[in-house]
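Survey of secondary and tertiary structure
Single-letter residue listing:
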Amino acid sequence: MARTARRALIALPLALFAGQALEVPVAVAATALRSASASEQPARASRLSDGVYRFLPATDEAVSPSLAFMNHESVAQAPAIADGETIGAPRPVFAAGEGLREASVSFAPGTRFYGLGSAPGRLVRNGLTVDCNTPSQPGSLPWLLALQPDGSCVGLLVDTNAPCRVDLSKADDGRAAVTSASAFALVVVEGNGPEQVLERLSGEIGTTVFPPLWALGFSQTISAADQQRVLETAKNIRTAGLSVDTLRLSDSALPSGRILALDRDRFADPAAMDAQLEALHLRSVLSTGVCVGDAPGYFLHDQLVNSNFAVKDGKGSAAKVAGAGGAFVVPDFGRPDMRKWWSGMHKDIFSQGVDALSLLNTPGLGTLSNDAATHAGSGLEGQEFGESTWGRMGGAWNLLASGASFQAFLASKPALRPLIFTAMPAVGSQRYAVPSVAAADGDQPALARLLNLSLSGQPLVGLDTSAAKSEWAEGGAWTLLPMVAGDAAGAAASDSAGVKLLLDRRSRLTPYIYSCVANAHETGAPVLRPVWFIDPRNAALREEEGAFLLGPDLLVVPGGQAPASLAGLLDEGGAADGAGNSARWRRVNLVGEGGVTGAARIYVRPGAIVPVGPIEGYTQMEHEGPLTLIVNLDENNQASGDLYEDLGDSTDYIAGKYLRTTYAATLTGKQCQVQIAAKDGDYLRGRRDLYVALLRGGFAHMAKGLDGMSLTFDISRRAPEEMGDKGSVPGKDAVVRPAH
């Protein structure tokens, strides 16, 4: 995506968002079944952009684009494809019968399907039947990424706000089917590989928000909190020397039945608390519900009800659902005037120093009657679509709720990047919020759910977990704003080789991860990826859940034992391999973790340069310390990699105040040269030491220079330093000493 499009996405005009229209299809129960007597219908198609096609039944009237799309007008007016025109993507077949609309797409037998958001299940979705766009299953998204036996990839988006069912019961035969009681379109996306398919999808639905740098740091959750406990926890974290950036206040910090406000009985002076947290370089994230407690006399409740801003039941009264602590009234986010009012209700919580919000799901939403009345919204030109129903709202409610809080953040803190987390993602909500997956102890497929959510148009994901350390380390330690399970300070004191190791290693990787996040925002490429992205043609990798990619250049193996499917791809850092370059993913240890049993292993892609920093107490310090480039040459003795930098939390980068540096390394004979191949942006490079660790067999050739200057060194005259514990970048303290 062009950088102008990326910048426009961040400076998203919420007036445009406020005017988007909700589709008005026929309500469908989540239990709708596929019709056995459906009659096939001819289909018509339009071309949205290169490799992106939208299909719908020729017998239907035009189906309004769903809120998933950034630009409704361009979708609705896309040029038609002639009946005889050849396209590379498979064509859907539509049918109708017994009150249901149906469609199916045939792929090659043996195709593996991924996506469907964070719906429970394994990495490969074959055999599943999943209801999407329903409040009872938030996070189940109507998107599939099909990996065919020849390694080619095709994406499939069900274009509707309404509930629908995706049926992969015959996926092994290559068939994917969709049913809904509402008219829908199917969007087919083709590409040269999974990255291009996902980037083309993002070109239509928008890429992700760009979170501030501090969102990459670890987050300590505090339950049953009061002001004293929050400050004590903050001081303990800094005393223990832990790399933690954020304190996440659970919804217990709210008054009972209330939202968007701290309990003033327990937080007497939020402004003073915020000032002390800021002095400790800590931020706060407040977990809050979206539905409003049914408590007459509570100002938020009274304004919502008296202004007719609530979803209505069959009697015309405010609809209520059950939630933790009692009954709740459901805001009608389909109304632009309600969203404007909602934005104003955030002023107090942001003025009290809260830096970000985490929107919680209300389980009772799944019990709300499909006939409950909602407002359908208005079009871009202001045309009204009249009254609608909850059953027709579908996944649009989740998207609109995230967008309303995003708008509130922009209004309250216009100079800062909005950071909203949501437990209720929808296709398109990534423009406003980062989705999080809830996982409890024993939820072993948590990593599979994170990966599938990443493959569903949600390039950034988070894990909201109270799970044990082993599971947290497996998936949660690598997500956006990773949460520390339990008491970080106490755990580090009793297990210095466990929690602190994870915190320190993640801290060192901040420059690389931030660069991946910037790329995700610009292109839609996911940060977390399944290992089959290494080679989509390699059938052995397609069902592998025992490892994953962190960006394009790092392979992470939780638990420390590489799965058999990766045999032949990895160099564990053993004996030197002749010429010293086998063009394999090479293992590297960042903080001496090689001797820790069960620690995840990290490997660097051949041909990659990975930027890492020192161990610091919080992320903003990463830009102040030295920079280390870990280099793993490819079969041509070359490597390259990008580093993205900016001010960290401001929106100034939209105007060009950022720095993207492409480093390149070349080995000619015994001479290794590392230099800047390209740079972009107006952000000034700071004066800092540059260290290079050239991985060769079981050793690293180390060199030191100044960032911004070309560095050449002779590996025959520089004794290689043995990589302790089979692969660690040596001299952690001497080479990357933190700049204090």
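First, a word on scope: everything that follows refers to the structure included in this document. (Residues numbered from 1 in each chain as written. Predicted model: local features only at pLDDT ≥ 70, side-chain atom pairs only at ≥ 80, totals over all residues. Heavy atoms only, no water.)

At a minimum axis distance of 8 Å, the contact between helix H8 (residues 336–344) and helix H11 (residues 396–412) shows a crossing angle of 50 degrees. Judged by the angle between their axes, H8 and H11 are oblique. Crossing hand, H8 versus H11: right-handed. For the pair H8 and H11, the contacting residues are Arg 339, Trp 342 and Ser 343 in the first and Leu 400, Ala 404, Ser 405, Gln 407, Ala 408 and Ala 411 in the second. (Axes fitted to C-alpha atoms, helices over the stretch in contact; angles between N-to-C directions. Helix = DSSP H or I, 4+ residues; strand = E, 2+ residues; numbered from the N terminus. Parallel < 35°, antiparallel > 145°, perpendicular 65-115°, else oblique. Left-handed = near helix turned anticlockwise from the far one by under 90°. Contact = heavy atoms within 4.5 Å.)

With that out of the way, let us pick up helix H5 (residues 227–239). With 13 residues, H5 should reach 18 Å at 1.5 Å per residue; the first-to-last C-alpha distance of 19 Å fits that figure. Taken together, the buried positions of H5 are occupied by Gln 227, Val 230, Leu 231, Thr 233, Ala 234 and Ile 237. Looking straight down H5, one finds its buried side chains confined to an arc of 160 degrees; they lie on one side. Turned more than 90 degrees from where H5 packs its buried face, Gln 228 and Thr 239 sit exposed. Downstream of H5 by one or two residues, Gly 241 has phi in the positive range, about 70 degrees. (Expected span 1.5 Å × (residues − 1). Buried < 20%, exposed > 50% of the residue type's maximum accessible area, 1.4 Å probe, protein only. Arc of directions from axis to C-beta.)

A complete count under the given rule lists 16 aromatic pairs for this structure. Note on Phe 406 and Tyr 432: the rings are 5.5 Å apart at their centroids and 65 degrees apart in plane angle, and the pair reads as edge-to-face. With a gap of 26 residues between them, Phe 406 in helix H11 and Tyr 432 in the loop between strand E22 (420–422) and strand E23 (434–439) connect regions that are remote in the sequence. Of the two residues, Phe 406 and Tyr 432, neither departs from the other in class, the shared state being buried. Members of the aromatic cluster, connected to one another through ring pairs, are Phe 210, Tyr 514, Tyr 644, Tyr 653 and Tyr 658. Above the plane of the ring of Tyr 298 lies Arg 258, whose end atom (NZ or CZ) is 4.1 Å from the centre. Stacked on the ring of Phe 210, the Lys or Arg Arg 417 has its end atom at 4.3 Å from the ring centre. (Phe/Tyr/Trp six-rings, centres within 6.5 Å; stacked < 30°, edge-to-face > 60°. Lys NZ or Arg CZ within 6 Å of the ring centre and 35° of its normal.)

Right, let's talk about the environment of Ser 507 for a bit. Position of Ser 507 among the secondary structure elements: in helix H15 (residues 499–508). Considering only alpha carbons, one finds Ser 507 and Gly 613, 106 residues apart in sequence, at a separation of 7.5 Å. In terms of polar contacts, Ser 507 uses its side chain to reach the backbone amide nitrogen of Glu 616, at 3.1 Å. (Polar contact = N/O pair within 3.5 Å; in protein donor to acceptor, adjacent residues only side chain to side chain.)

Moving on, we come to the sheet that holds strand E9 (residues 153–159). Read across the sheet, six strands follow the order E2-E3-E12-E9-E8-E6 without closing on themselves; strand pairing throughout is antiparallel. Taken across any chain shown, the strands that pair with only one partner, and hence form the sheet edges, are strand E2 (43–49) and strand E6 (112–115). Mean inter-strand twist for the sheet, computed between neighbouring axes without regard to direction, equals 25 degrees. For E6 and strand E8 (residues 143–147), the ladder comprises four bridges, and the chain directions are antiparallel. Pairing of Phe 113 across the sheet is with Ala 146, part of E8. Together, E2, strand E3 (52–57), E8, E9 and strand E12 (185–191) form the strand contacts of helix H4 (residues 194–205), whose direction differs from that of E12 by roughly 135 degrees. (Pairing = 2+ DSSP bridges.)

In this section: the side chain of Ser 118. Within the secondary structure layout, Ser 118 lies in the loop between E6 and strand E7 (129–132). Once you skip the residues sitting within four places of it in the chain, Ser 118 turns out to touch Arg 125, Pro 138, Gly 139, Val 437, Arg 449 and Leu 453.

Limitation: the analysis is restricted to geometry and does not speak to function.
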